[in-house]
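The lines below spell out each chain.
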Amino acid sequence: MKRCLRTSLRTPLATIAVLALALSGSACAGGETSRDQEPADGGTAGGDGDLTLAGGITPADMEARLEQFAPVTLTFDASTLDDGQRKVLRKLVEASVILDGLFLRQVWEGNPGLRERLQASHGEGMDAARQYFDIMYGPWDRLLEEEPFLDVGEKPLGAGYYEEDLTVTEIEAWLEEHPDDAESFGSYFTVIRRDGDALVAVPYSEYYRTELEAAATLLREAAELAENESLGRYLSTRADALLSDDYFDSDVAWMRLEDHLIDPTIGPYEVYEDRLFGYKAAFESFITIRDPAQSARLAELEGYMPDLEAALPIPDEHKNLDRAFKAPISVVTEVYAAGDTRAGVQTLAFNLPNDPRVREQEGSKKVMLNNIVEAKFDKILKPIGRAVMAPEQAEEITFDPYFTRILMHELAHAIGPDYVTGQPDLTVNRALRDRYSALEEAKADVVGTHGIGVLAERGVYDVDFLRQVYLSHAADMFRCIRFGVSEAHGQGCLMQFNYLSERGAIVHDQTAGTFSVDLDVMPGAISSLAGEFLMLQATGDYEGVGEFMNRYTNIPKPLSDAIARLESVPVDILPSYAIQEMMVDW
(Lines give C-alpha, C1' and ligand atoms only; values in the text may rest on other atoms or scores of the structure.)
Protein backbone atom coordinates (compact mmCIF):
# COMPACT_ATOMS: atom_id res chain seq x y z
CA MET A 1 0.00 0.00 0.00
CA LYS A 2 1.14 3.46 -0.59
CA ARG A 3 0.57 7.07 -1.59
CA CYS A 4 -0.91 10.25 -0.22
CA LEU A 5 -1.91 13.51 -1.96
CA ARG A 6 -4.78 15.17 -3.80
CA THR A 7 -6.70 18.45 -4.28
CA SER A 8 -9.06 20.27 -6.42
CA LEU A 9 -9.41 23.19 -8.74
CA ARG A 10 -8.04 26.66 -8.32
CA THR A 11 -11.49 27.55 -6.99
CA PRO A 12 -11.31 25.56 -3.75
CA LEU A 13 -14.69 26.68 -2.40
CA ALA A 14 -16.35 25.21 -5.46
CA THR A 15 -14.34 22.07 -4.89
CA ILE A 16 -15.44 21.81 -1.29
CA ALA A 17 -19.04 22.02 -2.46
CA VAL A 18 -18.40 19.15 -4.88
CA LEU A 19 -16.77 17.13 -2.10
CA ALA A 20 -19.69 17.71 0.22
CA LEU A 21 -22.21 16.66 -2.43
CA ALA A 22 -20.17 13.57 -3.22
CA LEU A 23 -20.36 12.46 0.39
CA SER A 24 -24.15 12.34 0.52
CA GLY A 25 -25.05 8.68 0.05
CA SER A 26 -21.83 7.66 -1.68
CA ALA A 27 -19.94 4.43 -1.25
CA CYS A 28 -17.01 6.49 -0.03
CA ALA A 29 -19.11 7.67 2.85
CA GLY A 30 -20.09 4.12 3.64
CA GLY A 31 -23.42 4.02 1.77
CA GLU A 32 -24.59 1.46 -0.76
CA THR A 33 -26.26 3.61 -3.41
CA SER A 34 -23.34 4.34 -5.71
CA ARG A 35 -22.11 0.75 -5.72
CA ASP A 36 -25.23 -0.26 -7.61
CA GLN A 37 -25.58 2.77 -9.85
CA GLU A 38 -25.83 2.14 -13.55
CA PRO A 39 -22.56 3.17 -15.27
CA ALA A 40 -22.78 5.72 -18.02
CA ASP A 41 -22.40 4.50 -21.57
CA GLY A 42 -19.47 6.77 -22.24
CA GLY A 43 -21.50 9.63 -23.71
CA THR A 44 -19.85 10.80 -26.91
CA ALA A 45 -16.67 8.82 -26.23
CA GLY A 46 -17.47 6.23 -28.82
CA GLY A 47 -18.64 8.62 -31.51
CA ASP A 48 -16.98 10.62 -34.24
CA GLY A 49 -15.99 14.25 -34.50
CA ASP A 50 -14.34 16.65 -32.10
CA LEU A 51 -14.63 16.08 -28.39
CA THR A 52 -15.93 18.87 -26.19
CA LEU A 53 -15.39 19.92 -22.61
CA ALA A 54 -18.01 18.71 -20.13
CA GLY A 55 -20.85 21.09 -19.39
CA GLY A 56 -19.92 24.08 -17.26
CA ILE A 57 -16.17 23.65 -17.76
CA THR A 58 -14.42 26.47 -19.59
CA PRO A 59 -11.00 26.58 -21.27
CA ALA A 60 -9.86 28.76 -18.36
CA ASP A 61 -10.96 26.03 -15.95
CA MET A 62 -8.81 23.51 -17.79
CA GLU A 63 -5.79 25.79 -17.62
CA ALA A 64 -6.40 26.25 -13.88
CA ARG A 65 -6.50 22.51 -13.36
CA LEU A 66 -3.12 22.13 -15.05
CA GLU A 67 -1.66 24.83 -12.82
CA GLN A 68 -2.39 22.66 -9.77
CA PHE A 69 0.67 20.58 -10.69
CA ALA A 70 4.20 21.94 -10.22
CA PRO A 71 6.57 20.69 -12.96
CA VAL A 72 9.63 18.85 -11.63
CA THR A 73 12.40 17.19 -13.64
CA LEU A 74 13.61 14.03 -11.93
CA THR A 75 17.24 13.43 -12.68
CA PHE A 76 19.98 11.25 -11.20
CA ASP A 77 23.72 10.71 -11.38
CA ALA A 78 24.14 8.35 -14.34
CA SER A 79 27.92 8.31 -13.81
CA THR A 80 27.39 5.74 -11.03
CA LEU A 81 26.21 3.21 -13.64
CA ASP A 82 28.34 1.08 -15.93
CA ASP A 83 27.32 0.25 -19.51
CA GLY A 84 25.63 -2.99 -18.50
CA GLN A 85 23.54 -1.29 -15.82
CA ARG A 86 22.47 1.39 -18.27
CA LYS A 87 21.28 -1.27 -20.70
CA VAL A 88 19.31 -2.93 -17.89
CA LEU A 89 17.71 0.40 -17.03
CA ARG A 90 16.75 0.98 -20.63
CA LYS A 91 15.00 -2.40 -20.88
CA LEU A 92 13.14 -1.72 -17.63
CA VAL A 93 11.93 1.67 -18.82
CA GLU A 94 10.78 0.16 -22.12
CA ALA A 95 8.82 -2.53 -20.25
CA SER A 96 7.34 0.15 -18.00
CA VAL A 97 6.08 2.12 -21.00
CA ILE A 98 4.16 -0.97 -22.13
CA LEU A 99 2.58 -1.44 -18.70
CA ASP A 100 1.74 2.26 -18.66
CA GLY A 101 -0.45 1.76 -21.74
CA LEU A 102 -1.96 -1.36 -20.22
CA PHE A 103 -2.96 0.57 -17.10
CA LEU A 104 -4.68 3.15 -19.31
CA ARG A 105 -6.94 0.29 -20.48
CA GLN A 106 -7.48 -0.85 -16.89
CA VAL A 107 -8.82 2.59 -16.03
CA TRP A 108 -11.32 2.28 -18.89
CA GLU A 109 -11.30 0.16 -22.03
CA GLY A 110 -12.31 3.19 -24.09
CA ASN A 111 -9.31 5.26 -23.01
CA PRO A 112 -6.87 4.42 -25.85
CA GLY A 113 -9.46 5.25 -28.52
CA LEU A 114 -10.58 8.34 -26.69
CA ARG A 115 -7.00 9.55 -26.44
CA GLU A 116 -6.63 9.22 -30.22
CA ARG A 117 -9.80 11.24 -30.75
CA LEU A 118 -8.58 13.83 -28.27
CA GLN A 119 -5.34 14.22 -30.22
CA ALA A 120 -7.37 15.05 -33.32
CA SER A 121 -9.84 17.36 -31.56
CA HIS A 122 -9.55 21.11 -31.95
CA GLY A 123 -11.04 24.10 -30.27
CA GLU A 124 -10.53 26.11 -27.11
CA GLY A 125 -9.38 24.14 -24.10
CA MET A 126 -8.41 21.03 -26.04
CA ASP A 127 -4.65 21.47 -25.60
CA ALA A 128 -5.09 21.71 -21.84
CA ALA A 129 -7.56 18.81 -21.90
CA ARG A 130 -5.00 16.62 -23.68
CA GLN A 131 -2.38 17.37 -21.05
CA TYR A 132 -4.84 16.86 -18.23
CA PHE A 133 -6.01 13.55 -19.75
CA ASP A 134 -2.42 12.31 -19.56
CA ILE A 135 -2.08 13.41 -15.93
CA MET A 136 -5.37 11.78 -14.92
CA TYR A 137 -5.06 8.72 -17.19
CA GLY A 138 -8.48 9.35 -18.61
CA PRO A 139 -11.19 12.01 -18.97
CA TRP A 140 -12.18 12.00 -15.30
CA ASP A 141 -10.68 14.31 -12.69
CA ARG A 142 -9.25 12.27 -9.84
CA LEU A 143 -9.10 15.41 -7.70
CA LEU A 144 -12.82 16.11 -8.11
CA GLU A 145 -14.44 12.79 -7.28
CA GLU A 146 -13.87 11.45 -10.83
CA GLU A 147 -15.95 14.25 -12.36
CA PRO A 148 -15.64 14.15 -16.19
CA PHE A 149 -13.84 17.13 -17.73
CA LEU A 150 -14.71 15.90 -21.24
CA ASP A 151 -18.25 15.21 -22.39
CA VAL A 152 -18.02 11.42 -21.98
CA GLY A 153 -20.34 10.55 -19.09
CA GLU A 154 -19.53 9.04 -15.71
CA LYS A 155 -16.58 6.80 -15.00
CA PRO A 156 -17.62 3.16 -14.47
CA LEU A 157 -17.24 2.17 -10.82
CA GLY A 158 -15.52 -1.01 -11.93
CA ALA A 159 -13.08 0.90 -14.16
CA GLY A 160 -11.97 -1.39 -16.98
CA TYR A 161 -12.03 -4.51 -14.81
CA TYR A 162 -15.73 -5.28 -15.15
CA GLU A 163 -18.27 -5.12 -17.94
CA GLU A 164 -19.43 -1.49 -17.76
CA ASP A 165 -23.08 -2.17 -16.98
CA LEU A 166 -22.37 -4.72 -14.23
CA THR A 167 -23.53 -3.87 -10.72
CA VAL A 168 -22.65 -5.33 -7.33
CA THR A 169 -26.14 -6.78 -7.11
CA GLU A 170 -25.83 -8.66 -10.39
CA ILE A 171 -22.38 -10.03 -9.59
CA GLU A 172 -23.42 -11.17 -6.12
CA ALA A 173 -26.56 -12.82 -7.55
CA TRP A 174 -24.41 -14.66 -10.11
CA LEU A 175 -22.03 -15.89 -7.40
CA GLU A 176 -24.93 -17.05 -5.25
CA GLU A 177 -26.04 -19.25 -8.13
CA HIS A 178 -22.47 -20.20 -9.14
CA PRO A 179 -20.44 -20.42 -5.89
CA ASP A 180 -17.58 -22.19 -7.67
CA ASP A 181 -16.84 -18.89 -9.46
CA ALA A 182 -16.22 -17.00 -6.21
CA GLU A 183 -12.46 -17.55 -6.15
CA SER A 184 -11.83 -16.49 -9.74
CA PHE A 185 -14.20 -13.51 -9.51
CA GLY A 186 -12.48 -12.33 -6.34
CA SER A 187 -8.99 -12.79 -7.76
CA TYR A 188 -6.77 -9.72 -7.96
CA PHE A 189 -5.74 -10.79 -11.45
CA THR A 190 -8.94 -11.34 -13.47
CA VAL A 191 -11.35 -9.14 -15.42
CA ILE A 192 -15.07 -9.89 -15.34
CA ARG A 193 -16.86 -10.04 -18.69
CA ARG A 194 -20.14 -11.21 -20.17
CA ASP A 195 -20.21 -14.31 -22.36
CA GLY A 196 -23.74 -14.42 -23.69
CA ASP A 197 -25.94 -14.73 -20.63
CA ALA A 198 -23.06 -15.86 -18.45
CA LEU A 199 -20.44 -13.94 -16.48
CA VAL A 200 -16.83 -15.11 -16.75
CA ALA A 201 -13.55 -14.26 -15.05
CA VAL A 202 -10.74 -13.87 -17.59
CA PRO A 203 -7.14 -14.02 -16.24
CA TYR A 204 -4.96 -10.96 -16.82
CA SER A 205 -2.41 -13.20 -18.56
CA GLU A 206 -5.03 -14.05 -21.17
CA TYR A 207 -6.91 -10.75 -21.43
CA TYR A 208 -3.79 -8.55 -21.64
CA ARG A 209 -1.66 -11.18 -23.38
CA THR A 210 -0.18 -8.97 -26.09
CA GLU A 211 1.11 -6.29 -23.72
CA LEU A 212 2.27 -8.76 -21.07
CA GLU A 213 4.23 -10.89 -23.55
CA ALA A 214 6.05 -7.80 -24.81
CA ALA A 215 6.83 -6.62 -21.27
CA ALA A 216 7.93 -10.10 -20.20
CA THR A 217 10.35 -10.31 -23.13
CA LEU A 218 12.00 -7.05 -22.09
CA LEU A 219 12.25 -8.18 -18.45
CA ARG A 220 13.94 -11.42 -19.53
CA GLU A 221 16.39 -9.46 -21.68
CA ALA A 222 17.13 -7.20 -18.70
CA ALA A 223 17.62 -10.29 -16.51
CA GLU A 224 20.24 -11.65 -18.92
CA LEU A 225 22.09 -8.34 -18.83
CA ALA A 226 21.99 -8.04 -15.03
CA GLU A 227 25.27 -8.91 -13.34
CA ASN A 228 23.58 -8.99 -9.94
CA GLU A 229 22.23 -12.52 -9.47
CA SER A 230 19.33 -11.54 -7.19
CA LEU A 231 18.20 -8.83 -9.62
CA GLY A 232 18.33 -11.27 -12.52
CA ARG A 233 16.24 -13.78 -10.58
CA TYR A 234 13.62 -11.18 -9.71
CA LEU A 235 13.30 -9.98 -13.30
CA SER A 236 13.09 -13.49 -14.78
CA THR A 237 10.52 -14.71 -12.23
CA ARG A 238 8.50 -11.53 -12.64
CA ALA A 239 8.48 -12.09 -16.42
CA ASP A 240 7.10 -15.60 -15.77
CA ALA A 241 4.50 -14.18 -13.39
CA LEU A 242 3.16 -11.72 -15.96
CA LEU A 243 2.23 -14.70 -18.14
CA SER A 244 0.96 -17.02 -15.37
CA ASP A 245 -0.76 -14.66 -12.89
CA ASP A 246 1.17 -16.36 -10.09
CA TYR A 247 3.26 -13.63 -8.46
CA PHE A 248 4.33 -15.46 -5.30
CA ASP A 249 7.83 -16.56 -6.36
CA SER A 250 8.66 -13.20 -7.92
CA ASP A 251 7.40 -11.35 -4.82
CA VAL A 252 9.73 -13.52 -2.74
CA ALA A 253 12.58 -12.80 -5.18
CA TRP A 254 11.85 -9.05 -4.88
CA MET A 255 12.06 -9.31 -1.10
CA ARG A 256 15.43 -11.08 -1.42
CA LEU A 257 17.12 -8.50 -3.65
CA GLU A 258 20.54 -7.73 -2.22
CA ASP A 259 23.71 -5.82 -3.07
CA HIS A 260 21.88 -4.15 -5.91
CA LEU A 261 22.00 -0.58 -7.20
CA ILE A 262 19.12 -0.81 -9.67
CA ASP A 263 15.93 -1.32 -7.65
CA PRO A 264 12.83 -2.02 -9.81
CA THR A 265 9.28 -2.76 -8.66
CA ILE A 266 7.02 -3.92 -11.50
CA GLY A 267 3.62 -5.56 -11.56
CA PRO A 268 -0.04 -5.42 -10.51
CA TYR A 269 -0.39 -4.27 -6.91
CA GLU A 270 -2.90 -1.71 -5.65
CA VAL A 271 -6.70 -1.97 -5.83
CA TYR A 272 -7.63 1.72 -5.59
CA GLU A 273 -8.99 1.85 -9.14
CA ASP A 274 -11.65 -0.81 -8.48
CA ARG A 275 -14.45 1.15 -6.81
CA LEU A 276 -16.94 -1.69 -7.24
CA PHE A 277 -15.36 -4.29 -4.95
CA GLY A 278 -11.81 -3.08 -4.27
CA TYR A 279 -10.33 -6.38 -5.52
CA LYS A 280 -8.64 -5.86 -8.89
CA ALA A 281 -4.95 -4.96 -9.00
CA ALA A 282 -3.54 -2.22 -11.22
CA PHE A 283 -0.25 -2.42 -13.10
CA GLU A 284 2.52 -0.02 -12.14
CA SER A 285 6.26 0.35 -12.23
CA PHE A 286 8.94 2.10 -10.19
CA ILE A 287 12.44 2.15 -11.67
CA THR A 288 14.79 3.47 -9.03
CA ILE A 289 18.43 3.73 -7.97
CA ARG A 290 19.12 2.62 -4.41
CA ASP A 291 21.04 4.77 -1.91
CA PRO A 292 22.89 2.18 0.23
CA ALA A 293 24.14 4.69 2.82
CA GLN A 294 20.71 6.24 3.44
CA SER A 295 19.09 2.80 3.50
CA ALA A 296 21.56 1.57 6.10
CA ARG A 297 20.90 4.63 8.27
CA LEU A 298 17.24 3.68 8.59
CA ALA A 299 17.72 -0.09 8.74
CA GLU A 300 17.84 -0.14 12.56
CA LEU A 301 14.09 0.51 12.63
CA GLU A 302 13.50 -3.01 11.29
CA GLY A 303 14.65 -4.40 14.64
CA TYR A 304 11.84 -2.60 16.43
CA MET A 305 9.03 -4.21 14.42
CA PRO A 306 8.18 -6.81 17.13
CA ASP A 307 8.00 -4.01 19.70
CA LEU A 308 5.69 -1.97 17.47
CA GLU A 309 3.34 -4.93 16.95
CA ALA A 310 3.32 -5.71 20.67
CA ALA A 311 2.58 -2.06 21.51
CA LEU A 312 -0.49 -1.82 19.26
CA PRO A 313 -3.41 -0.42 21.31
CA ILE A 314 -5.61 -3.52 20.90
CA PRO A 315 -5.96 -6.79 22.84
CA ASP A 316 -3.18 -9.31 22.23
CA GLU A 317 -5.59 -11.82 20.69
CA HIS A 318 -5.85 -9.53 17.64
CA LYS A 319 -2.11 -8.97 17.23
CA ASN A 320 0.09 -10.88 14.83
CA LEU A 321 2.98 -11.53 17.19
CA ASP A 322 4.32 -14.57 15.30
CA ARG A 323 4.68 -12.94 11.88
CA ALA A 324 8.03 -12.69 10.12
CA PHE A 325 9.17 -9.27 11.28
CA LYS A 326 11.34 -8.60 8.27
CA ALA A 327 11.12 -5.03 7.08
CA PRO A 328 14.01 -4.11 4.79
CA ILE A 329 14.08 -0.40 4.05
CA SER A 330 15.30 1.05 0.77
CA VAL A 331 15.88 4.75 0.25
CA VAL A 332 15.90 5.29 -3.50
CA THR A 333 15.93 7.90 -6.24
CA GLU A 334 13.06 7.51 -8.67
CA VAL A 335 14.28 7.63 -12.26
CA TYR A 336 11.05 6.49 -13.96
CA ALA A 337 7.53 5.50 -12.96
CA ALA A 338 4.54 4.20 -14.89
CA GLY A 339 0.96 3.04 -14.58
CA ASP A 340 -1.10 3.36 -11.42
CA THR A 341 1.56 5.32 -9.55
CA ARG A 342 1.59 8.03 -12.24
CA ALA A 343 -2.17 8.64 -12.25
CA GLY A 344 -2.99 12.01 -10.68
CA VAL A 345 -0.90 12.18 -7.54
CA GLN A 346 2.66 10.87 -7.32
CA THR A 347 3.69 8.23 -4.77
CA LEU A 348 5.96 9.27 -1.90
CA ALA A 349 6.77 5.81 -0.59
CA PHE A 350 5.38 2.30 -0.68
CA ASN A 351 5.22 -0.90 1.31
CA LEU A 352 5.01 -4.13 -0.68
CA PRO A 353 4.21 -6.88 -1.42
CA ASN A 354 0.53 -6.93 -0.52
CA ASP A 355 0.21 -10.72 -0.64
CA PRO A 356 -0.27 -11.81 3.01
CA ARG A 357 1.38 -15.17 2.27
CA VAL A 358 4.60 -13.44 1.29
CA ARG A 359 4.36 -11.04 4.23
CA GLU A 360 4.00 -13.96 6.63
CA GLN A 361 7.06 -15.69 5.16
CA GLU A 362 9.33 -12.82 4.11
CA GLY A 363 7.95 -9.68 5.71
CA SER A 364 7.54 -6.60 3.55
CA LYS A 365 9.82 -3.95 2.10
CA LYS A 366 9.51 -0.21 2.66
CA VAL A 367 10.73 1.93 -0.23
CA MET A 368 11.21 5.66 0.27
CA LEU A 369 11.32 7.75 -2.91
CA ASN A 370 13.70 10.34 -1.55
CA ASN A 371 13.64 12.81 -4.44
CA ILE A 372 9.82 12.74 -4.52
CA VAL A 373 9.58 13.33 -0.76
CA GLU A 374 11.95 16.28 -0.96
CA ALA A 375 10.09 17.87 -3.86
CA LYS A 376 6.72 17.58 -2.13
CA PHE A 377 8.02 18.83 1.20
CA ASP A 378 9.52 21.95 -0.34
CA LYS A 379 6.79 22.77 -2.85
CA ILE A 380 3.68 21.65 -0.96
CA LEU A 381 3.89 20.70 2.72
CA LYS A 382 5.83 23.72 4.00
CA PRO A 383 3.58 26.22 2.19
CA ILE A 384 0.50 24.41 3.50
CA GLY A 385 1.83 24.58 7.04
CA ARG A 386 2.40 28.32 6.77
CA ALA A 387 -1.12 28.85 5.39
CA VAL A 388 -3.21 26.80 7.84
CA MET A 389 -1.17 26.15 10.99
CA ALA A 390 -0.46 28.49 13.89
CA PRO A 391 2.74 30.34 12.89
CA GLU A 392 4.86 29.13 15.80
CA GLN A 393 3.96 25.50 15.05
CA ALA A 394 4.27 25.87 11.27
CA GLU A 395 7.91 26.86 11.64
CA GLU A 396 8.62 23.63 13.53
CA ILE A 397 7.64 21.44 10.56
CA THR A 398 11.00 20.15 9.36
CA PHE A 399 12.08 17.52 6.84
CA ASP A 400 13.55 14.70 8.95
CA PRO A 401 10.45 14.19 11.17
CA TYR A 402 8.25 14.35 8.07
CA PHE A 403 10.42 11.81 6.24
CA THR A 404 10.42 9.51 9.27
CA ARG A 405 6.64 9.71 9.62
CA ILE A 406 6.21 8.67 5.98
CA LEU A 407 8.56 5.75 6.60
CA MET A 408 6.60 4.75 9.69
CA HIS A 409 3.38 4.93 7.67
CA GLU A 410 4.87 2.29 5.39
CA LEU A 411 6.10 0.20 8.32
CA ALA A 412 2.60 0.36 9.79
CA HIS A 413 1.16 -1.33 6.70
CA ALA A 414 3.16 -4.40 7.79
CA ILE A 415 1.78 -4.63 11.35
CA GLY A 416 -1.69 -5.22 12.69
CA PRO A 417 -4.28 -7.71 11.38
CA ASP A 418 -3.83 -9.30 7.96
CA TYR A 419 -6.66 -11.78 8.57
CA VAL A 420 -9.95 -11.42 10.44
CA THR A 421 -9.53 -12.79 13.96
CA GLY A 422 -10.83 -16.35 14.15
CA GLN A 423 -11.12 -16.65 10.37
CA PRO A 424 -7.62 -17.54 9.12
CA ASP A 425 -8.75 -17.80 5.49
CA LEU A 426 -10.48 -14.39 5.36
CA THR A 427 -8.15 -11.47 4.72
CA VAL A 428 -9.05 -8.02 6.00
CA ASN A 429 -9.10 -6.79 2.40
CA ARG A 430 -11.68 -9.41 1.42
CA ALA A 431 -13.82 -8.67 4.47
CA LEU A 432 -13.85 -4.88 4.06
CA ARG A 433 -14.00 -4.89 0.23
CA ASP A 434 -14.46 -1.38 -1.24
CA ARG A 435 -14.00 0.23 2.20
CA TYR A 436 -10.64 -1.39 2.84
CA SER A 437 -8.27 0.99 1.06
CA ALA A 438 -9.36 4.18 2.82
CA LEU A 439 -9.34 2.50 6.23
CA GLU A 440 -5.94 0.90 5.64
CA GLU A 441 -4.34 4.19 4.59
CA ALA A 442 -5.81 5.97 7.62
CA LYS A 443 -4.70 3.12 9.89
CA ALA A 444 -1.14 3.32 8.52
CA ASP A 445 -1.06 7.07 9.23
CA VAL A 446 -2.10 6.85 12.88
CA VAL A 447 -0.39 3.55 13.68
CA GLY A 448 2.82 4.94 12.17
CA THR A 449 2.65 8.09 14.30
CA HIS A 450 1.72 6.00 17.34
CA GLY A 451 4.79 3.88 16.61
CA ILE A 452 7.10 6.90 16.67
CA GLY A 453 5.70 7.65 20.13
CA VAL A 454 6.56 4.08 21.17
CA LEU A 455 10.10 4.50 19.83
CA ALA A 456 10.44 7.83 21.63
CA GLU A 457 9.62 6.03 24.90
CA ARG A 458 12.49 3.66 24.10
CA GLY A 459 14.88 6.54 23.51
CA VAL A 460 15.11 6.27 19.72
CA TYR A 461 13.72 9.80 19.24
CA ASP A 462 13.69 12.77 21.60
CA VAL A 463 10.75 14.89 22.74
CA ASP A 464 11.42 17.68 20.22
CA PHE A 465 11.49 15.22 17.33
CA LEU A 466 8.21 13.63 18.46
CA ARG A 467 6.56 17.04 18.74
CA GLN A 468 7.57 17.86 15.17
CA VAL A 469 6.17 14.50 14.03
CA TYR A 470 2.77 15.43 15.47
CA LEU A 471 2.90 18.81 13.75
CA SER A 472 3.84 17.33 10.37
CA HIS A 473 1.03 14.79 10.77
CA ALA A 474 -1.47 17.62 11.24
CA ALA A 475 -0.23 19.60 8.24
CA ASP A 476 -0.16 16.48 6.10
CA MET A 477 -3.87 15.88 6.68
CA PHE A 478 -4.66 19.18 4.94
CA ARG A 479 -2.40 18.13 2.09
CA CYS A 480 -4.13 14.82 1.42
CA ILE A 481 -7.71 15.95 2.14
CA ARG A 482 -7.23 18.08 -0.96
CA PHE A 483 -7.03 14.83 -2.97
CA GLY A 484 -10.79 14.46 -2.71
CA VAL A 485 -12.90 12.15 -0.62
CA SER A 486 -13.37 9.49 -3.29
CA GLU A 487 -9.61 8.85 -3.09
CA ALA A 488 -8.43 6.49 -0.34
CA HIS A 489 -5.83 8.79 1.22
CA GLY A 490 -8.01 11.90 1.09
CA GLN A 491 -10.90 10.05 2.65
CA GLY A 492 -8.63 8.53 5.31
CA CYS A 493 -7.16 11.91 6.22
CA LEU A 494 -10.62 13.45 6.53
CA MET A 495 -11.61 10.73 9.00
CA GLN A 496 -8.48 11.43 11.02
CA PHE A 497 -8.97 15.19 10.99
CA ASN A 498 -12.55 15.02 12.26
CA TYR A 499 -11.83 12.40 14.92
CA LEU A 500 -8.79 14.25 16.27
CA SER A 501 -10.66 17.57 16.19
CA GLU A 502 -13.60 16.03 18.06
CA ARG A 503 -11.21 14.97 20.83
CA GLY A 504 -9.45 18.32 21.04
CA ALA A 505 -6.12 17.16 19.62
CA ILE A 506 -6.50 19.61 16.72
CA VAL A 507 -7.77 23.02 17.76
CA HIS A 508 -9.22 25.75 15.54
CA ASP A 509 -8.48 29.40 16.31
CA GLN A 510 -11.68 31.12 15.18
CA THR A 511 -10.08 34.57 15.20
CA ALA A 512 -6.98 33.73 13.15
CA GLY A 513 -8.60 30.91 11.19
CA THR A 514 -5.57 28.70 11.81
CA PHE A 515 -5.18 25.30 13.46
CA SER A 516 -2.83 24.06 16.14
CA VAL A 517 -2.01 20.74 17.77
CA ASP A 518 -2.67 20.31 21.49
CA LEU A 519 0.49 18.38 22.23
CA ASP A 520 -0.85 17.13 25.56
CA VAL A 521 -3.98 15.61 23.97
CA MET A 522 -2.54 14.41 20.65
CA PRO A 523 -0.68 11.25 21.86
CA GLY A 524 -3.75 9.78 23.57
CA ALA A 525 -6.05 10.70 20.68
CA ILE A 526 -3.70 9.08 18.15
CA SER A 527 -3.57 5.91 20.26
CA SER A 528 -7.36 5.84 20.59
CA LEU A 529 -7.89 6.30 16.86
CA ALA A 530 -5.32 3.62 16.04
CA GLY A 531 -7.25 1.24 18.27
CA GLU A 532 -10.52 2.08 16.50
CA PHE A 533 -9.07 1.36 13.04
CA LEU A 534 -7.25 -1.81 14.10
CA MET A 535 -10.32 -3.32 15.76
CA LEU A 536 -12.46 -2.64 12.68
CA GLN A 537 -9.87 -4.58 10.70
CA ALA A 538 -9.45 -7.37 13.24
CA THR A 539 -13.20 -8.01 13.33
CA GLY A 540 -13.71 -7.51 9.58
CA ASP A 541 -16.59 -5.19 10.44
CA TYR A 542 -17.75 -3.95 7.03
CA GLU A 543 -20.85 -2.22 8.44
CA GLY A 544 -18.85 -0.71 11.29
CA VAL A 545 -16.40 0.83 8.83
CA GLY A 546 -19.34 2.31 6.94
CA GLU A 547 -20.76 3.82 10.12
CA PHE A 548 -17.36 5.29 11.04
CA MET A 549 -17.01 6.80 7.58
CA ASN A 550 -20.49 8.28 7.67
CA ARG A 551 -19.73 9.91 10.99
CA TYR A 552 -16.29 11.28 10.20
CA THR A 553 -16.25 12.20 6.50
CA ASN A 554 -18.12 15.47 6.72
CA ILE A 555 -16.25 18.64 5.77
CA PRO A 556 -16.68 21.28 8.51
CA LYS A 557 -16.63 24.94 7.52
CA PRO A 558 -13.32 25.78 9.28
CA LEU A 559 -11.68 23.04 7.21
CA SER A 560 -13.24 24.20 3.94
CA ASP A 561 -12.15 27.77 4.72
CA ALA A 562 -8.59 26.59 5.39
CA ILE A 563 -8.45 24.61 2.16
CA ALA A 564 -9.71 27.67 0.29
CA ARG A 565 -6.60 29.52 1.47
CA LEU A 566 -4.41 26.94 -0.27
CA GLU A 567 -5.38 28.17 -3.72
CA SER A 568 -1.84 29.19 -4.63
CA VAL A 569 -0.22 26.02 -3.28
CA PRO A 570 0.27 23.22 -5.83
CA VAL A 571 -1.71 20.06 -5.29
CA ASP A 572 1.13 17.89 -6.46
CA ILE A 573 4.19 17.70 -8.66
CA LEU A 574 4.18 16.87 -12.38
CA PRO A 575 7.32 14.85 -13.03
CA SER A 576 9.31 14.53 -16.20
CA TYR A 577 12.13 12.03 -16.40
CA ALA A 578 15.65 12.90 -17.47
CA ILE A 579 16.35 9.24 -18.23
CA GLN A 580 14.19 9.42 -21.35
CA GLU A 581 16.71 11.75 -22.95
CA MET A 582 19.72 9.89 -21.52
CA MET A 583 18.53 6.61 -23.05
CA VAL A 584 19.01 8.00 -26.54
CA ASP A 585 22.77 7.60 -26.06
CA TRP A 586 22.57 4.20 -24.34
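So, here is what we can say about the structure in this document.

What counts as what
- Residues numbered from 1 in each chain as written.
- Predicted model: local features only at pLDDT ≥ 70, side-chain atom pairs only at ≥ 80, totals over all residues.
- Heavy atoms only, no water.
- 1 Å grid on protein atoms, 1.4 Å probe; cavity = no way out; pocket = protein on both sides within 12 Å on 5 of 7 lines; lining within 4 Å.
- Points joined across faces, edges and corners; volume = space filled by probe spheres on them.
- Helix = DSSP H or I, 4+ residues; strand = E, 2+ residues; numbered from the N terminus.
- Nonpolar A, V, L, I, M, F, W, Y, C, P; charged D, E, K, R; others polar.
- Salt bridge = Lys/Arg side-chain N within 4 Å of Asp/Glu carboxyl O.
- Buried < 20%, exposed > 50% of the residue type's maximum accessible area, 1.4 Å probe, protein only.
- Disulfide = S-S within 2.5 Å.

1. Some remarks on the layout of surface pockets
For step 1, the next point in the chain: Within this model, the largest pocket holds a volume of roughly 1,100 Å³.
For step 2, the next point in the chain: Gly186, Tyr188, Pro356, Thr427 and Arg430 are the residues nearest the centre of the largest pocket, which is lined by 46 residues in total.
For step 3, the next point in the chain: Of all the secondary structure elements, the ones that give two or more residues to the lining of the largest pocket are helix H6 (168-177), helix H7 (182-185), helix H11 (248-255), helix H14 (356-362), helix H18 (428-432) and helix H19 (436-457).
For step 4, the next point in the chain: Tallied by class, the residues present in the lining of the largest pocket amount to 24 nonpolar, seven polar and 15 charged.

2. Quick word on the pattern of salt bridges
For step 1, the next point in the chain: In this structure the tally under the stated criterion is 34 salt bridges.
For step 2, the next point in the chain: Residue Arg65 is joined to Glu147 by a salt bridge in which the shortest nitrogen-to-oxygen separation is 3.0 Å. Of this pair, Arg65 sits in helix H2 (residues 59-66) while Glu147 sits in strand E3 (residues 147-148), and the two are 82 residues apart along the sequence.
For step 3, the next point in the chain: Residue classification places Arg65 among the buried residues on the basis of a relative accessible area of 2%.
For step 4, the next point in the chain: Judged by relative accessible area, which is 25%, Glu147 ranks as partly exposed.
For step 5, the next point in the chain: Among the salt bridges present, the one from Arg386 reaches Glu395, with a minimum N-O distance of 3.9 Å. For the pair shown, Arg386 and Glu395 are each scored as exposed.
For step 6, the next point in the chain: One continuous salt-bridge network, built from bridges that share partners, spans Arg105, Glu109, Arg193 and Glu211.

3. Description of the state of the cysteines
For step 1, the next point in the chain: Within the structure shown, the criterion is met by one disulfide.
For step 2, the next point in the chain: Residue Cys480 pairs covalently with Cys493 via a disulfide, S to S 1.8 Å. Placement of the pair is Cys480 in helix H20 (residues 463-481) and Cys493 in helix H21 (residues 488-502), with a sequence separation of 13 residues.

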